[in-house]
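# Per-entry structural report
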Protein chains: 2
Amino acid sequence: MSLDLAADVVELTRQLVDFPSESLQEEALADAVEAALRGHAHLELTRVGNTVVARTDLGRPERVVIAGHLDTVPENGNLPSRLEDGVLHGLGSVDMKGGVAVGLKLAASLTQPVRDVTYVFYDAEEIAAIHNGLGKLSVTHPHLLEADFAILMEPSNALVEAGCQGTMRIEVTTTGERAHTARAWMGSNAIHKAAGILDRLNAYQPRKPVIDGLEYHEGLNAVFVSGGVAGNVLPDACTVTVNYRFAPDRSVEEAEAWLRSFFDGYAVTVTDASPGALPGLTRPAAQAFLEAVGGEPAPKFGWTDVSRFSALGVPAVNFGPGDPLLAHKAEEHVRVEEIVRCEQQLVAWLSEEDAG
Amino acid sequence: MSLDLAADVVELTRQLVDFPSESLQEEALADAVEAALRGHAHLELTRVGNTVVARTDLGRPERVVIAGHLDTVPENGNLPSRLEDGVLHGLGSVDMKGGVAVGLKLAASLTQPVRDVTYVFYDAEEIAAIHNGLGKLSVTHPHLLEADFAILMEPSNALVEAGCQGTMRIEVTTTGERAHTARAWMGSNAIHKAAGILDRLNAYQPRKPVIDGLEYHEGLNAVFVSGGVAGNVLPDACTVTVNYRFAPDRSVEEAEAWLRSFFDGYAVTVTDASPGALPGLTRPAAQAFLEAVGGEPAPKFGWTDVSRFSALGVPAVNFGPGDPLLAHKAEEHVRVEEIVRCEQQLVAWLSEEDAG
């Protein structure tokens, strides 16, 4: 399969949606992205694993990063794509192949942007942080991410979304003692004990702190549960994997301490953590971009790689087509008008006269 | 690996324990059993899958079945075997390689039993009923199981245990709606809903009906739980697999109706069911055996294949070495004296003058 960057941005989004790229299976799509960009003389390409970086090097006074991830969550009966009444349906149409299509179109067509641009198309954003292609790049090739400002094209209804919530995954476990189920009184059932964990999750009330005028909204959810030895054996272990989404006024350390207190009495192991990012709307680079594209900024609930840019000292915002509330849902879909508008706004920003 | 039937019954038990045979992986052990019995002229062998049947055909007025299963539950850090102070430790030492060893010794050594004997060594007793070797044999070769009486050598402390409880496995499921965990209010979490299932299991009070003077003891346990889509997605399904052990005064149909009522409001699917067996202590064949081996009969809590014999109209009891309370536990062990005693009592019964 190959990608046709001469197609318009909507058709290109559709090609991307129909190109399967579940997390850890992005290699074919990364190959296609690399092949499609290779013919463009104004771009310098770097391939790292399944991440493709394309840079202009025009000596502009300012450099920006435009980034998007290639992977999607698992299919949920929502492939192939379907374009109907100006709405594109399908896996990844929102999260985030519309944004990737915009990035690819800009990379191919803007041979003389007024700001130098580093385009980053990376893998494994939808799974544990250890796999994240942008995270790996920030360790192995940090110079490729140096910039004055970064735009992450995560879905944001084509409006600027600022900051992001952190995310932490923990395993909460119970233990018991195996015995034959016909003589259950000889053992103790670890799955039954997990009722207490689920009861706490059901009683959870989310925090909603307001930061820089934006209201965040935390969340605490079991994402996996597993336990069992055999059909006639009392299980001696049960594990509930919990995902905590925390507002950016809480650090990773504070999030962990709060979780350990919330699940007091149970064994808790942290398996994955990524800090949030404060909105940072007061920074000059953020202000300039806000003025260029217009609209009111909103808080970002989902964790996004803006926090990686924040950690590198690069101001960053989320800005991309699609309603983030539809991400990861079977009925994921995007209005094509939003994809087109994002492209136009970024083309205008990168072509304006008074840049830098 | 091969088995040495010339070894004494304790050494033979040890050989069997050290011969791995987890359910569905019994082929090598069935091969070894078949090879060890093949040289004996007084036995007629039939191999069906991983079940080995060995019959005498001496024209005796009475025929009895002596049966045992070859498989074990999964290993739990309890291999290889260890013989210490007259106690044999290891996986299957109780359930039920001691009984299998007794059956193999009787088959090899008793060339002229006073009752014709059908020895049955079968596979897949520890898992879902559909796999059970004795069950398959009763469908494909029912004539091989025709008899006046059957002894199933399940662990019973070398005492006669009568009847058995039935067993049923069901899947109790919850459903929800997927959404990104960062925006949990857009979906609903199926794992959280499973709290209600676990709460009912924790509130369960077992029935203990008395039948023919024997007190049974029911049980209701989650044996598996599973749910989850991805680490950042609200799960849309959760399944708790429950094993119900019911006293033999309840039929399979009554057990199912009770479960559906107990889990009212949840989706319930029956995946596996085997009826119990009433003690049947008033039948003449059971009485004769009781007199021969002595001791007070006790109720059998665990489901055993005596119910298959009951269904075929063959009176049957459990009688074998080992404490059934230790079955499926990591510390499974048996006093070798019990194995020896079982062998001696059955040799005496099959050698007595006034048989028939």
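Residues numbered from 1 in each chain as written. Chains lettered and ligands numbered in written order. Predicted model: local features only at pLDDT ≥ 70, side-chain atom pairs only at ≥ 80, totals over all residues. Heavy atoms only, no water.

The name an unreviewed UniProt entry assigns to chain A is Succinyl-diaminopimelate desuccinylase, from the organism Nocardioides jiangxiensis.

Side chains that carry opposite charge are capable of pairing whenever their charged atoms lie near each other. Residue and element names in this part refer to chain A. Counted according to the given criterion, the structure contains 38 salt bridges over all chains. With its nearest N and O atoms 2.9 Å apart, the salt bridge here joins Asp31 to Arg47. You can see Asp31 sitting in helix H2 (residues 27-38) and its partner Arg47 sitting in strand E1 (residues 44-48), a full 16 residues away along the chain. By relative accessible area, Arg47 is classed as partly exposed at 28%. (Salt bridge = Lys/Arg side-chain N within 4 Å of Asp/Glu carboxyl O. Helix = DSSP H or I, 4+ residues; strand = E, 2+ residues; numbered from the N terminus. Buried < 20%, exposed > 50% of the residue type's maximum accessible area, 1.4 Å probe, protein only.)

All right, on to the confidence of the model for chain A then. Per-residue pLDDT for chain A has a mean of 94; in total, 98% of the residues score no lower than 70. ipTM for the predicted complex: 0.74, alongside a pTM of 0.74. (pLDDT = per-residue confidence, 0-100.)

Once that is clear, we can look at helix H7 (residues 252-262) of chain B. Residues and elements named next belong to chain B. Along H7, the positions that sit buried rather than exposed are Val252, Ala255 and Leu259. The arc that holds every buried residue of H7, seen down its axis, measures 60 degrees, which confines them to one face. Facing away from the buried side of H7 by more than 90 degrees, the exposed set consists of Glu253 and Ser261. As for H7, its buried residues are in contact with strand E9 (166-175), strand E12 (219-228), strand E13 (237-246) and strand E14 (267-274). (Arc of directions from axis to C-beta. Contact = heavy atoms within 4.5 Å.)

Overall, the coordinates contain 22 aromatic pairs over all chains when judged by the stated rule. Ring geometry for Phe149 of chain A and Trp349 of chain A: centres 6.1 Å apart, planes at 80 degrees, overall edge-to-face. Of the two residues, Phe149 of chain A sits in strand E7 (residues 149-152) while Trp349 of chain A sits in helix H10 (residues 336-351), which places them 200 residues apart along the sequence. Residue classification places Trp349 of chain A among the buried positions, given a relative accessible area of 4%. Seen in terms of ring centroids, Trp185 of chain A and Phe301 of chain B are 5.1 Å apart; in terms of plane orientation they differ by 90 degrees. Their pairing is edge-to-face. With Trp185 of chain A in the loop between strand E9 (166-175) and helix H5 (190-193) and Phe301 of chain B in the loop between strand E15 (298-299) and helix H9 (306-311), the pair connects residues from two separate chains. Each member of the aromatic cluster is reached from another via a ring pair, and the members are Tyr204, Tyr244, Phe246, Trp258, Phe262 and Phe263 of chain A. (Phe/Tyr/Trp six-rings, centres within 6.5 Å; stacked < 30°, edge-to-face > 60°.)

Time to look at the sheet that holds strand E17 (residues 333-335) of chain A. Residues and elements named next belong to chain A. The strand order E4-E5-E17 describes an open sheet built from 3 strands, whose pairing is antiparallel. Edge positions in the sheet fall to strand E4 (82-84) and E17, since each of these pairs with one other strand and no more. Put simply, the sheet's adjacent strands are angled 20 degrees from each other on average, direction ignored. Summarising the sheet, strand E5 (residues 87-89) and E17 pair through 3 bridges and their orientation is antiparallel. (Pairing = 2+ DSSP bridges. Axes fitted to C-alpha atoms, helices over the stretch in contact; angles between N-to-C directions.)

Let us look at the packing of helix H1 (residues 9-17) of chain B against helix H10 (residues 336-351) of chain B. All names here are of chain B. Look at H1 against H10: their axes get within 9 Å of each other, and the N-to-C directions meet at 115 degrees. H10 is crossed by H1, and the crossing has right-handed handedness. Contacts between H1 and H10 pair Val9, Val10 and Thr13 from the former with Val336, Ile339, Val340 and Glu343 from the latter. For the contact of H1 with H10, a count of residues per class yields 5 nonpolar, 1 polar and 1 charged. (Left-handed = near helix turned anticlockwise from the far one by under 90°. Nonpolar A, V, L, I, M, F, W, Y, C, P; charged D, E, K, R; others polar.)

Let us look at the UniProt feature "domain: Peptidase M20 dimerisation" (unreviewed entry) in chain A. The positions that UniProt labels "domain: Peptidase M20 dimerisation" (unreviewed entry) are, in the present scheme, residues 166-264 of chain A. As annotated, residues 166-264 of chain A has a helix share of 24% and a strand share of 34%, and its two end C-alpha atoms lie 22 Å apart. (UniProt positions renumbered as here; feature names shortened; annotations may be inferred.)

What follows covers the domain arrangement of chain A. Residue and element names in this part refer to chain A. Structurally, chain A comprises domain 1 (9-163 + 277-351) and domain 2 (166-274). Each of domain 1 and domain 2 has a C-alpha centre, and these two points are 32 Å apart. Each partner contributes residues to the interface: domain 1 has 19 residues there, and domain 2 has 15 residues. Together domain 1 and domain 2 conceal approximately 1100 Å² of surface at their shared face, both sides included; 64% is due to carbon and sulfur atoms. It is Pro279, Phe301 and Trp303 in domain 1 that bury the most area against domain 2; as a group they hold 42% of the surface buried on that side. If you look at where domain 1 meets domain 2, you find 0 salt bridges. Remark: the boundary between domain 1 and domain 2 carries 2 residue pairs in polar contact (both at pLDDT 80 or more). Residues that form the side of domain 1 that touches domain 2 fall into these classes: 14 nonpolar, 3 polar and 2 charged. (Domains from an automatic or database assignment. Buried area = accessible area lost by both parts, 1.4 Å probe. Polar contact = N/O pair within 3.5 Å; in protein donor to acceptor, adjacent residues only side chain to side chain.)

On to unusual backbone geometry, then. Residues and elements named next belong to chain A. A cis amide bond links Leu79 with the next residue in sequence, Pro80, at an omega value of -5 degrees. Within the secondary structure, Pro80 sits in the loop between strand E3 (63-69) and E4. In the segment running from Asp95 into Met96, the intervening peptide bond is cis, with an omega of -5 degrees. Relative to the assigned elements, Met96 resides in helix H3 (residues 93-109). The backbone of Ala124 sits at a positive phi, close to 60 degrees, despite the residue not being glycine. Considering the arrangement of structural elements, one finds Ala124 in the loop between strand E6 (116-122) and helix H4 (133-140).

This brings us to the state of the cysteines. A full pass over the atoms with the stated rule returns 0 disulfides over all chains. Its sulfur unpaired, Cys164 of chain A is 18 Å from the next cysteine sulfur, which belongs to Cys342 of chain A. When its relative accessible area of 0% is taken as the criterion, Cys164 of chain A is described as buried. No disulfide involves Cys238 of chain B; its nearest neighbouring cysteine sulfur is the one of Cys238 of chain A, lying 9.0 Å away. With a relative accessible area of 1%, Cys238 of chain B lands in the buried category. (Disulfide = S-S within 2.5 Å.)

Superposing chain A onto chain B takes a rotation of 180 degrees combined with a translation of 0.0 Å along the rotation axis, leaving an RMSD of 0.1 Å. Such values leave the two copies arranged in the relation of a two-fold axis. No C-alpha of chain A lies nearer the rotation axis than that of Ser226 of chain A, which sits 2.3 Å from it. (Least-squares fit on C-alpha atoms with pLDDT ≥ 70 in both.)

Below, the discussion takes up the packing of H3 of chain A against H10 of chain A. Residues and elements named next belong to chain A. Running from N to C, H3 and H10 cross one another at 35 degrees; their axes reach a closest spacing of 10 Å. Taken as a pair, H3 and H10 cross one another with a handedness that is right-handed. Contacts between H3 and H10 involve Gly98, Val102, Lys105 and Leu106 on the former and, on the latter, Ile339, Cys342, Glu343, Leu346 and Val347. The residue makeup of the contact of H3 with H10, split by class, is 6 nonpolar, 1 polar and 2 charged.

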